[in-house]
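The lines below spell out each chain.
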Amino acid sequence: MSNNEGATMDVELTPEQKLAEERRILSEGTYRDRADVSVHLNRNVKFLERGIAASETHYIHRALRTVLALRKRLQPEALAEIIAAYASPSNQKKVSDCLGSILEALGQRPAANSAAKVCEPEVCMYFGLLAQLFLLDAKAYERGAQLSNVLVATVSSTQRRTLDSVASRVFFYYSRFFEVVGRLSDARASLLNALQTATLSSMKETKAMLLTLLLRNYMHYKLYDQAERLAAKTSFPAEAPNNVLARYLYYMGRIEAVQLNYSQAQMHLLEATRKAPSNATTAGFQQTVHKIYVIVELLMGNIPERSIFRVPILKKPLQPYFELTQAVRVGDLAQFQDVVGRYQERFLQDQVLVLVQRLRHNVIKAGIRSISVAYSRISLRDICIKLHLDSEEDAEYIVAKAIRDGVIDATIDHEKGYVKSAEIHNVYATSEPQHAFDRRITFCLNLYNESVKSMRYPGGDHRKELAYADEAIKREREYAQELENEDFDDDVDGDAMDQDL
């Protein structure tokens, strides 16, 4: 091949031709993604229809399990295409209106389809859920809030248990849209009405989600008394998923901490950390829960374990709380005030500044406890100097309160102005070890009971298949018996014919 021929084959494209080629490649790739998304959507819809027909939530959960994977590749054109396949004139009016609202929110026009299928309310809510995710990722919050209103109205008018799993997710993003646009209080009435409907309809997953969303709604506006009354008058379903249960326990722990119920708050927060998986996906939730858990531990007079602050995903976010723990542990009031002053903005951002300010008394109590252990007798003047208090009267009042609360075992000599500590008793001679073992045994038994409850058992479909198999075997046996009888009758007829001949 000559050089001229080679030059004619290596043709360089112009900028316009390169741009056109890139658009062609992009359009082909988009088409492949769109076709792939359509295949997954059709498969999930079949799972939903199968679950509705058999009243088995397992198939519905299987369809919802791929929502997050579809969310990354979701395209409004693909969703509009499959909605057109279910826009049948035989649909219920509320379902048809809901499908039209979904297409309008996505900016798509309804396409005519003569072979459209009838759309079940569960399938319609599934399309609405995907549309909510698309609008949330596209930051179209106002359109998402309007669409969510339509979806919630449709769910409220349709009381079907097979709608439970899809409806709970629809309500979650409904509340999320109103929170983002700054109108979370507007969603409270709808959530309360939906909670009443879900309770009467035995929609356990939706009820659990609504309780969690209402607690978040009240906490957003610092209505802790109303949140506590709601939790006291309702029961959280035991069948709720772990992610919803973990959020509910976190909100309850935060409410109990504000209401000064530190023991209940510690129990709820500890359960929340155990229910949530420890991975990169839930790192933000783990950090948020551990921040308030550390403060509740300090408010109870306990010192959190150092291993909590060494976890990689918690080490950096919990650095201010680690320094706070050190100040409380040594009982240094000056160090405590320095830490609060340096990280005040961080504590305010984490919404724990009110709880942190309550720790001042705990710091003083920790200092008094360490002083009573180190000194058998110490003057009130020395206590005032060590704790950086203003006067000896303040020191006497604080020590007297610590004695009354059981923080230290000591007596105050008012005439001579000193504090005398009592002898240290053996803790194993008390009932404290027994109570500690009782708490551990109770926790292990509760963990065992929850594990048994959360076990999954196969549905009833396999029984139907076994029944069909038994019927098929029975029919085959009857058919074989009939064939044998026909052969016997043929032999008898043949013998009779031979005799006639």
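For the structure itself, consult the block above.
Residues numbered from 1 in each chain as written. Predicted model: local features only at pLDDT ≥ 70, side-chain atom pairs only at ≥ 80, totals over all residues. Heavy atoms only, no water.

**Q** I would appreciate a short explanation of helix α7 (residues 121-137) in the present structure.
**A** For the α-helix, the turn length of 3.6 residues means that residues three or four positions removed from each other point alike. Under the 1.5 Å per step criterion, the end-to-end length of α7 is 24 Å for 17 residues, consistent within 8% with the ideal 24 Å. Summarising burial for α7: 15 of the 17 residues are buried, a large majority. Note on α7: the residue one or two positions beyond its end, K139, has a positive phi of about 60°. (Helix = DSSP H or I, 4+ residues; strand = E, 2+ residues; numbered from the N terminus. Expected span 1.5 Å × (residues − 1). Buried < 20%, exposed > 50% of the residue type's maximum accessible area, 1.4 Å probe, protein only.)

**Q** I tried to follow the state of the cysteines on my own but got confused; where do I start?
**A** Where two cysteines share a covalent bond between their sulfur atoms, that bond is called a disulfide. Enumeration according to the criterion identifies zero disulfides in this entry. C98 takes part in no disulfide bond, and the closest cysteine sulfur to it belongs to C124, at a distance of 3.2 Å. The thiol of C119 is unpaired, and the distance to the nearest cysteine sulfur, on C124, comes to 5.1 Å. In this structure C119 comes out as buried when scored by relative accessible area, which is 4%. (Disulfide = S-S within 2.5 Å.)

**Q** Quick question: what am I supposed to make of the sheet that holds strand β1 (residues 377-379) here?
**A** Pairing is antiparallel in the open sheet, where three strands are placed in the order β1-β3-β2. Taken across any chain shown, the strands that pair with only one partner, and hence form the sheet edges, are β1 and β2 (410-413). Neighbour-to-neighbour, the strand axes of this sheet turn through a mean angle of 20°, independent of strand direction. Along the sheet, helix α23 (residues 392-404) makes contact with β2 and β3 (418-421), crossing β2 at roughly 150°. (Pairing = 2+ DSSP bridges. Axes fitted to C-alpha atoms, helices over the stretch in contact; angles between N-to-C directions. Contact = heavy atoms within 4.5 Å.)

**Q** Just to check I follow, could you spell out the packing of helix α17 (residues 319-330) against helix α18 (residues 333-342) for this structure?
**A** Helix packing for two helices is described by the angle between their axes and how far apart those axes are. At a closest axis distance of 8 Å, the pairing of α17 and α18 adopts a crossing angle of 165°. Put simply, α17 runs roughly antiparallel to α18. Of the two elements, α17 crosses α18, and the hand of that crossing is left-handed. Contacts from P320, E323, L324, Q326, A327, V328 and V330 of α17 reach α18 at Q335, F336, V339, V340 and R342. Broken down by class, the residue content of the contact of α17 with α18 amounts to eight nonpolar, two polar and two charged. (Parallel < 35°, antiparallel > 145°, perpendicular 65-115°, else oblique. Left-handed = near helix turned anticlockwise from the far one by under 90°. Nonpolar A, V, L, I, M, F, W, Y, C, P; charged D, E, K, R; others polar.)

**Q** Looking at this structure, how should I read the packing of helix α13 (residues 242-258) against helix α14 (residues 262-275)?
**A** For the pair α13 and α14, the least separation of the axes is 8 Å and the interaxial angle reads 155°. Here α13 is positioned roughly antiparallel relative to α14, judged by the angle of their axes. Every pair of crossing elements has a handedness; the one defined by α13 and α14 is left-handed. Contact with α13, carried on its side by N242, L245, A246, L249, Y250, M252, G253, E256 and A257, involves Y262, Q264, A265, H268, L269, E271, A272 and K275 of α14 and no other residues of that element.

**Q** I keep staring at the nonpolar core and nothing clicks. Help me out?
**A** Ranked by size, the top nonpolar core spans 132 residues in total, and within it L79, I102, Y126, F127, F171, F336 and I383 carry the most contacts. Examining the composition of this core, we find that eleven residues originate from one element, α7, more than from any other. The contact partners of F127, leaving out residues within four places of it in the chain, are V45, L79, I82, I83, Y86, L99, I102 and C119. (Core = buried A, V, L, I, M, F, W, Y, C linked by side-chain atoms within 4.5 Å.)

**Q** Any chance you could explain a negative patch on the surface here in plain terms?
**A** Residues D390, E392, E393 and D394 make up a contiguous surface patch of negative charge. Looking at the element boundaries, E392 is found in helix α23. (Patch = residues over 30% accessible without salt bridge, like charges linked within 9 Å, V, L, I, M, F, W, Y side chains within 5 Å. Areas by Shrake-Rupley, 256 points an atom, 1.4 Å probe, with all protein chains shown as cover. Salt bridge = Lys/Arg side-chain N within 4 Å of Asp/Glu carboxyl O. Lys, Arg positive; Asp, Glu negative; His and termini not counted. Charge placed at Lys NZ, Arg CZ, Asp CG, Glu CD.)

**Q** How should I be thinking about empty space enclosed by the protein in this particular structure?
**A** Rolled over the atoms, a probe sized like a water molecule indicates the empty space that remains. For the coordinates displayed, the defined rule picks out two cavities of 30 Å³ or more. Within this model, the largest cavity holds a volume of roughly 70 Å³. Lining the largest cavity, in full, are V155, S156, T158, Q159, F171, A194, T197, A198, M203 and T206. Among the secondary structure elements, those contributing two or more residues to the lining of the largest cavity are α8 (141-156) and α10 (188-200). Element by element, the count of residues in the lining of the largest cavity is highest for α10, at three residues. The computed volume of the second largest cavity comes to approximately 60 Å³. Forming the walls of the second largest cavity are I368, I371, S372, I378, I383, V399, I408, V419 and S421. Contributions of two or more residues to the lining of the second largest cavity are made by α21 (359-374) and β3. Counting residues per element, the lining of the second largest cavity draws most heavily on α21, which supplies three residues. (1 Å grid on protein atoms, 1.4 Å probe; cavity = no way out; pocket = protein on both sides within 12 Å on 5 of 7 lines; lining within 4 Å. Points joined across faces, edges and corners; volume = space filled by probe spheres on them.)

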